[in-house]
Amino acid sequence: MKKAVRLFALFALFVLLVSACGSAGPAQMGTFRVAVVMPSAINDLAFSQSMYDALLRVQAEMGGPEKFEIVYSENMFVVDDAAAAIRDYATQGFDLVIAHGSQYGSSLQEIAPDFPETSFAWGTTLDTFGQPNIFAYEAAADEGGYVNGVLAASMTTSKVIGVVGPIETGDAKLYVDGFKAGVLATNPDITVNVNYIGSFSDVALAAEAANTHISAGADVLTGTAQMVVGAIGKAEEANALWFGTQSNQTSLAPKIVVASQVYHWEVVLNEMLDLIKGGTLGGKSFAINLANGGEVIEYNPAYTVPAEAQALAEEAIKGIKDGSIDPMK
Amino acid sequence: MISELFSVTVLIGILASGIRLATPYLYAAIGETFGQRSGVLNLGVEGQMLLGAFAAFYVSYTTGNLWLAVLVAMLVGALMGLAMAFVTVNLQAQQGISGIGFYLFGLGASDLLFQKLVGTIKIADSFPKIHIPFLSDIPLLGEILFSHHILAYIAFLLVPVAWFVLNKTTLGLKIHAAGENPEAADSLGVSVAGVRYFTIVLGGILSGVAGASLSIAQSNVFQQGMTSGIGFIAVALVYFGGWRPWGVLGGALLFSMVNSLQLWIQVLGVPIPSDIAVMMPYVLTILVLVLTVSRVRGPSALTKPFERED
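What you see is a predicted model, and the numbers here were worked out from it, not measured in a lab. (Residues numbered from 1 in each chain as written. Chains lettered and ligands numbered in written order. Predicted model: local features only at pLDDT ≥ 70, side-chain atom pairs only at ≥ 80, totals over all residues.)

## What to know about the sheet that holds strand β8 (residues 220-223) of chain A
All names here are of chain A.
Thought 1: If you walk across this open sheet you meet the 6 strands as β7-β6-β8-β9-β10-β12, and the pairing is mixed. Taken across any chain shown, the strands that pair with only one partner, and hence form the sheet edges, are β7 (191-196) and β12 (295-299). Strand-to-strand, the axes of this sheet are offset by a mean angle of 15 degrees, without reference to chain direction. (Pairing = 2+ DSSP bridges. Helix = DSSP H or I, 4+ residues; strand = E, 2+ residues; numbered from the N terminus. Axes fitted to C-alpha atoms, helices over the stretch in contact; angles between N-to-C directions.)

## Comments concerning the domain arrangement of chain A
Residue and element names in this part refer to chain A.
Thought 1: Domain boundaries assigned for chain A yield domain 1 (19-139 + 265-288) and domain 2 (141-263 + 293-322).
Thought 2: Look at where the C-alpha atoms of domain 1 and domain 2 centre, and you get two points 29 Å apart.
Thought 3: Contact residues are listed per partner, giving 14 residues for domain 1 and 15 residues for domain 2.
Thought 4: The set of elements that each furnish at least two residues to the side of domain 1 that touches domain 2 consists of α2 (47-62) and α9 (266-277).
Thought 5: Counting residues per element, the side of domain 1 that touches domain 2 draws most heavily on α2, which supplies 3 residues. (Domains from an automatic or database assignment. Contact = placed C-beta atoms within 7 Å.)

## Considering helix α10 (residues 307-322) of chain A
Side chains that are three or four residues apart share a direction in an α-helix, a result of its 3.6 residues per turn.
Residues and elements named next belong to chain A.
Thought 1: Taking 1.5 Å of rise per residue, 16 residues should cover 22 Å, and α10 covers 23 Å from first to last C-alpha, within 8% of that figure.
Thought 2: Every buried residue of α10 is listed here: A313, A316, I317 and I320. All buried residues of α10 lie within an arc of 100 degrees about the axis, which places them on one face of the element. Those residues of α10 that are exposed and angled more than 90 degrees off the buried face are A307, E308, A311, K318 and D322.
Thought 3: If you follow the buried residues of α10, they end up packed against α5 (141-155), α6 (170-186) and β12.
Thought 4: Just past α10, the residue G323 takes up positive phi, approximately 90 degrees. (Expected span 1.5 Å × (residues − 1). Buried ≥ 20, exposed ≤ 12 C-beta atoms within 10 Å, placed from the backbone. Arc of directions from axis to C-beta.)

## Describing the nonpolar core
Across soluble globular proteins, nonpolar side chains show a tendency to be buried alongside one another.
Thought 1: Among the nonpolar cores identified, the biggest contains 210 residues, and A:I86, A:A206, B:Y25, B:A56 and B:L237 are the most heavily contacted of them.
Thought 2: Looking at which element gives the most residues to this core, the answer is helix α9 (residues 192-218) of chain B, with 15 residues.
Thought 3: Once residues within four sequence positions are removed from consideration, B:A56 is found in contact with B:A69, B:V70, B:V72, B:A73, B:G211, B:A212, B:S215 and B:I216. (Core = buried A, V, L, I, M, F, W, Y, C linked by C-beta atoms within 7 Å.)

## Looking at the interface of chain B and chain A
Thought 1: With 43 residues of chain B at the interface, the matching set in chain A holds 41 residues.
Thought 2: The set of elements that each furnish at least two residues to the side of chain B that touches chain A consists of α1 (8-37), α4 (95-117), α9, α11 (245-267) and α12 (274-292) of chain B.
Thought 3: Broken down by element, the side of chain B that touches chain A gets its largest block of residues, 11 residues, from α4(B).

## Considerations on helix α3 (residues 79-91) of chain A
Residues and elements named next belong to chain A.
Thought 1: The end-to-end C-alpha distance of α3, which contains 13 residues, comes to 18 Å, matching closely the 18 Å that a straight helix rising 1.5 Å per residue would cover.
Thought 2: Within α3 the residues assigned to the buried category are A82, A85, I86, Y89 and A90. The buried residues of α3 occupy an angular sector of 135 degrees when projected down its axis, which confines them to one face. Of the exposed residues in α3, the ones pointing more than 90 degrees away from its buried face are D80 and T91.

## Details of the packing of helix α3 (residues 66-90) of chain B against α4(B)
Residue and element names in this part refer to chain B.
Thought 1: Their axes nearest at 10 Å, the elements α3 and α4 cross at an angle of 150 degrees. Between α3 and α4, the angle falls in the class roughly antiparallel. Note on packing geometry: the crossing formed by α3 with α4 is right-handed. Mapping the contact onto sequence places M80, M84, V87 and T88 in α3 and Q95, S98, F102 and G106 in α4.
Thought 2: Here the contact of α3 with α4 is composed, by residue class, of 4 nonpolar, 4 polar and no charged. (Parallel < 35°, antiparallel > 145°, perpendicular 65-115°, else oblique. Left-handed = near helix turned anticlockwise from the far one by under 90°. Nonpolar A, V, L, I, M, F, W, Y, C, P; charged D, E, K, R; others polar.)

## Overview of the environment of B:Q94
Thought 1: Its place among the elements puts B:Q94 in the loop between α3 and α4.
Thought 2: Put simply, B:Q94 and B:K304 are 210 residues apart on the chain and 8.3 Å apart in space, counted from C-alpha to C-alpha.

## Concerning the sheet that holds strand β5 (residues 134-139) of chain A
Residue and element names in this part refer to chain A.
Thought 1: Spatially, 6 strands are ordered β2-β1-β3-β4-β5-β11 in an open sheet, and the strand pairing comes out parallel. Of all strands in the sheet, those with a lone pairing partner are β2 (68-73) and β11 (285-288), marking the two edges. Looking at each pair of strands side by side, their axes are set apart by 20 degrees on average, direction ignored.
Thought 2: Pairing between β5 and β11: 4 bridges, direction parallel. Across the sheet, the residue bridging to E138 is A287, located in β11.

As structure tokens, this is what we get:
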């Protein structure tokens, strides 16, 4: 009897593993090999996808999988599992191992010294732990958030805007704070309501959070992290506008998505690759932002943004780029 | 700010969202009540919900037929229930451990199917809010009670039905006997295995609907791990409700109301850190469980496999 249970548990584990791992191809001479560990799926239309898409763009530039091999572990929401994956990849001799999630930091701090020949990258943060083989990267999410906020403020008629966030920290907090600043700088009379739902995966609660904002009078919504896909549906039902971040979210609701802040991590990836090829394996931190092209505001081509709103947004982008606007002030 | 919390709009908002949020908990916890009353603890609810959520989403996405989607979710739940029944009744496996196994299976399998069949996040059709003539137009009450999707109404109707079946029918008596004293039930000619098969499969079916209510009613998408603990909270709600459908209803409503209250507290800018606010429903559940744990005795044969002595 116990054997049957054990067999079943093994089977369940096997299915889980099959679903959680990408395929690892054989190493070839002259191939740069990158492994990435991510907390959600590579196609979450948010945080993890932003990195995966960037890796694919780098791969295309470098000349395909023969020159640039990408291996990934997705849905690594259990930090211990992620740590095991990071160690495995390092053991297998990958040239660069990316820990794409601030929660993986302390694991990386322990693992990196054991593999001095391997380069690691950790985001989103600016902390390399002072180690010579860790790169750190983050997104100035507040910059695009600010621009989204400027657009939102010039398009709301009810003067109430709702924001759905996951947990009040890191990239999410940066985006939300930047968005609020952008709204209030454009029109201080607007109310910005924020709720953090305490989860990155609870799609239904995110949907209910959007309902709450709509009941409170919001006609423009935004949100960050992968569970907001639930909120976008409710915004569409209520015909409220939506502003996206991390990835381009237009496909989820082409009628109501106005614009998305899209991360182009390839800007920092390329810098890291150049350094690694030159023999520097870490010790530097990078940020993508509007000025270096790592953050781009992508409009929904099917939605006509009023000319004045767009002009204000362009002005904000210019101001942030030249430093005359500080989104966090 | 605090005074705004008691305005009519906010009160309506809290109560209406509380009712919507309670829907998946009700399906899952009522199903679990049947299983536990017959002596089987099913910790695999979360996995059954995930597969149900995916099945419903996929059928809705490909066919646009919402009722077919619910039906398929029920079927998938039933199959999961059947497997669980085989493992716990025939193989007499330790229920807690095998339940966790089923959870992991559901988590992995739903993710795998999603990756292979859909690939990325897509939007599917979902059940709309129903406007009931007259009832929905009653001021206040109409908005609180009669502004929901059909699966929410069915969830609430399920409570009296479950109460009736468990307390007023021969089937209910058999379930009770299988959970309290399976040896005696068996000597009186009740098929304990048959009863447990029935309750576990029923639990699976209801968990399937619970999942469907998340992916094609509360929202219109499927995402990996989207149940995020609802199935486990549902198991806790069965204890919370003292193995009685009305108690489960009370627990589900309390939990969901506090959850919707915390969403509003943040929207109104009440100065409580968001981390504390999101903890409220969970802390409350633990508190109530601790305070009421000795109040009602659970089924005596809960988690105990039954073997006929021939």
